[in-house]
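# Secondary and tertiary structure notes
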Amino acid sequence: MNCKIPNGIDMSQQASWCPGCGHGIIVRLLAEAAQELGIDDRMIMVEDVACGEFAQFALKYNTIMGAHGRPIVTAAGIKRVRPDAIVVAHPGDGSAYSIGVESTLHCALRNENILALVVNNSVFGMTGGQMSPTSLVDMKTTSSPHGRSIKKDGSPIDVTKILGQLDIAYLARGSLDSPANVIRTGKMIKKALQKQMNGEGFCLVEVLSPCPTNWNMTPVDALEFIKKKQSVTYPTGEFIDKGGAI
Amino acid sequence: MTKVLMKGNEAFAEACLRAGCRFFSGYPITPQTEILEYMSWRMEEVGGQFIQTESELAGINMVFGAACGGARALTTSSGPGFSLKQEGISYLCSSDIPAVIADVMRIGSGLGDIFQGQGDYWQLTRGGGHGDYHTIVLAPASVQENADLAYISFDLAEKYRHPVLVASDAAIGQMVEPVELPEMKEHDINQYDWVIRPRQKDEKQRIVWNRYWDIGAEEYVSYLRNKYAQIEANEQRWEAVRTEDAEIVLVAYGISSRVAKASVAMARKEGIRLGLIRPITLWPFPKKAFEALGSQVKAFLDVEMSILGQMTDDVVLACGNSRPVEYYGEFSNVPEEKKILSKVREMLEKY
Amino acid sequence: MSKISVDYKRCKGCFLCVSVCPKNALTPSKELGAKGYEIVHLDGEKCIGCGSCYRMCPDYCIEITD
């Protein structure tokens, strides 16, 4: 077994996330996939305003820091003028499914040839763990202290039900709750990048990711929460795979 | 050079393309929509990208991405839609990214209405979005000038790595006049060392973000003050009409300035020494035009299509509060020469 | 024979690696690292080089080479 930190990771800096946060794993998976595909130099990241933006310190790739909720549409903008670049928008679930949901939907409808790599930790992490569009029913957050109520707060959003019938290149959901699922998620990310290289169109990979700090859990308990709760509401797997040449 | 008959909005769009603009993303709103419609077929002809976006927010944030990629990128809107652009304009400013945004002004706050107006003056000149910033604001007064200012707007934006706003209005945008179009130019998207692109050999990592993260808060303060001071020193543009001996000086821009100019001619026939300063840049406001005036000037009359006389503040500041400043404002109509002249006569008696 | 290395300076003591190690080669050390977190302890003898710890580490502390 050869497990080497991929070249895209900037090892001169400490990863900036909280202990046990999934962001660091996701960023590494992206860098592994890019290295395997030989596209490190072509990568352009479009970051969101929130915990994910620390990727700009963790990664060596050229990066645009977008506005909150806009990385997907900003990514589509640069991809249109830089078709040789491999462009990855890196929003959280609050960005992609709440404030930016119109652009998530319409970039999918236009089949923009980008990867939306959505980190789903079911909270607004950077602001301190408020209820997000993917917070689970009964989940206690700092803005749903008695638990998320469907009556009061509305239902959680499952992106596979929103985009599941659209003519896009790829839609998948991975999880970080075990080494096996981390490997599986890495394959999804790599497949999506390959599809962008093929020019197949819009790819969205959502990753169920632990937020121990805002879930008030140890990192290890947070993995259990993903396994027993989060991935029950949000099943993992490949939902759309246009089947272009990989 | 031959002239063609064109609508203001279409002349603007064509001149942007001829300046090398190869990216447009926007959303329909009256009275701006002809720009979007024109771009929808013409952009393809010149090999650029046209996207009718899901909203104005998407339009400006897509422009942000395209402009980071080095393209000459444009979005346009009006009134309510222009308010939605403010988020992205603030980001362009904070990140030092050049782009061009047109506001084809209509009247009113909220929905208002679709008629010509100049009520976005404060929003255009004071920043409009959050944080410390100004944008360069160009105010065309004819179809020809709409094309001419569009043509230079991208150069200005890139010179200062800063967004440029072109503020026309429903009248300028909708009217048809003869126009001489500029030459077609191609823009090299790799021209600048800050553009985000696939990394070339031995190239360092490039990040576009809040500029102050690069240089630290302290240096950012002086950097930003210096940037705006440079723009103020270099980019004030105006037209002065008969100001050399004027006792009353009108101050008007855009469509209002055309009426004001006609009033000057009428006044002169009556022996009234009336002049006009027409700001072509609303920011930086042409203070130099006021500094050049002689001591014979008794007062200023601001003529504009806003209820509250939004430009009055700038006239007071530009003349150092040295003379009285009054205003004549219209809402849904363009100002009238007769009303300007009766106001001028009143002022001559008063001052 | 695989060789595991741990960069203790980067460790934030999340112990995701500990939770997935099938051989208990990684355990909490009860020692604080430079950042003030309790860091992980490695018993290299027990490591079979499965790579699970590498995959779960969010802080790029662990590498395994053949």
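Overview of the structure. Position numbers for residues count from 1 along each chain, tracking the sequence in the order it is written. Both sets of labels track the order of writing: A upward for chains, 1 upward for ligands. Under the rules for a predicted model, residues below a pLDDT of 70 receive no local features and side-chain atom pairs below 80 are neither given nor counted, while totals for whole chains, interfaces and linings still include all residues. Excluded from the side-chain calculation are hydrogens and water; included are all heavy atoms of the structure.

### Side note on the pairing of strand β5 (residues 100-107) of chain B
Residues and elements named next belong to chain B. Note the cut-off: Note on exposure labels: buried denotes an accessible area under 20% of the residue type's maximum, exposed denotes more than 50%, and partly exposed covers the range between, all computed with a 1.4 Å probe on protein chains only. Numbering of helices and strands runs from the N terminus, with a helix taken as a DSSP run of H or I at least four residues long and a strand as a DSSP run of E at least two residues long. We call two strands paired when DSSP finds no fewer than two bridges between them. Handedness is read with the strands pointing away from the viewer; a crossover is right-handed when the path from the first strand over the helix to the second is clockwise.
Summarising burial for β5: eight of the eight residues are buried, a large majority. For strand β4 (residues 72-77) and β5, the ladder comprises four bridges, and the chain directions are parallel. Residue Leu 74 lies in a different strand from β5, and its bridge partner there is Val 100. The parallel pair β4 and β5, bridged by helix α4 (residues 79-95), forms a crossover whose chirality is right-handed. Strand direction decides the pairing type here: β5 and strand β8 (residues 164-169), joined by six bridges, are parallel. Of the residues in β8, the one forming a bridge with Val 104 is Ser 168. Taken together, the two bridges between β5 and strand β6 (residues 113-116) define a ladder with antiparallel strand orientation. Considered in β6, the bridge of Ile 107 is made with Asp 113. Remark: five residues form the turn of the hairpin made by β5 and β6, two consecutive strands paired antiparallel; Gly 108 in that turn has positive phi of roughly 90°.

### Digging into the interface of chain B and chain A
Operational definition: Two residues qualify as a contact provided that any one of their heavy atoms is within 4.5 Å of a heavy atom in the partner residue. Note: buried area is the sum, over both parts, of the accessible area (probe 1.4 Å) each one loses when the two are combined. Salt bridge, as applied in this entry: a Lys or Arg side-chain nitrogen positioned within 4 Å of an Asp or Glu carboxyl oxygen. Counting of polar contacts relies on pairs of N or O atoms within 3.5 Å, with two restrictions inside protein: one atom must be capable of donating a hydrogen and the other of accepting it, and residues adjacent in sequence are counted only when both atoms are side-chain atoms.
Facing 34 residues of chain B, the contacting portion of chain A comprises 33 residues. Summed over both sides, the interface between chain B and chain A buries roughly 2,700 Å², with carbon and sulfur atoms accounting for 56% of that surface. Interface area lost by chain B to chain A is led by Glu 54, Pro 198 and Arg 199 of chain B, which between them contribute 23%. Between the two partners, chain B and chain A, sit two salt bridges. At the boundary of chain B and chain A, one finds 19 residue pairs in polar contact (both at pLDDT 80 or more).

### Digging into the nonpolar core
Spelled out, the test is: Take the buried Ala, Val, Leu, Ile, Met, Phe, Trp, Tyr and Cys residues and link them wherever side-chain atoms come within 4.5 Å; each set so joined is a nonpolar core. The split into domains, and so the bounds of each, comes from an automatic or database assignment of domains.
Core analysis: the biggest nonpolar cluster contains 116 residues, and Phe 202 and Leu 204 of chain A together with Met 39, Leu 74, Phe 290 and Phe 300 of chain B have the highest contact counts within it. Looking at which domains feed residues into this core, each of domain 1 (4-234) and domain 2 (238-350) of chain B gives three or more. Apart from the residues within four sequence positions on either side, Met 39 of chain B is in contact with Ala 13, Cys 16, Leu 17, Phe 24, Glu 44, Phe 50 and Leu 74 of chain B. Formed by 65 residues, the second largest nonpolar core is a distinct cluster that contains Ile 26, Ala 33, Tyr 61 and Ala 172 of chain A.

### Concerning the sheet that holds strand β1 (residues 43-47) of chain A
We apply this condition: The angle between two axes is taken between their N-to-C directions and runs from 0 to 180 degrees, where each axis is a line fitted to C-alpha atoms and a helix contributes only its stretch in contact.
Pairing is mixed in the open sheet, where eight strands are placed in the order β9(A)-β7(A)-β8(A)-β4(A)-β3(A)-β1(A)-β2(A)-β10(B). What marks the edges here is a single partner per strand, and that holds for β9 (237-241) of chain A together with β10 (207-208) of chain B. Here β1 of chain A runs beside strand β3 (residues 86-90) of chain A; their pairing, made up of five bridges, is parallel. Bridged to Glu 47 of chain A within β3 of chain A is His 90 of chain A. Sitting on the sheet, helix α3 (residues 56-68) of chain B is in contact with β2 (62-65) of chain A together with β10 of chain B, with an inclination near 150° to β2 of chain A.

All we've got here are geometric facts, nothing functional implied.
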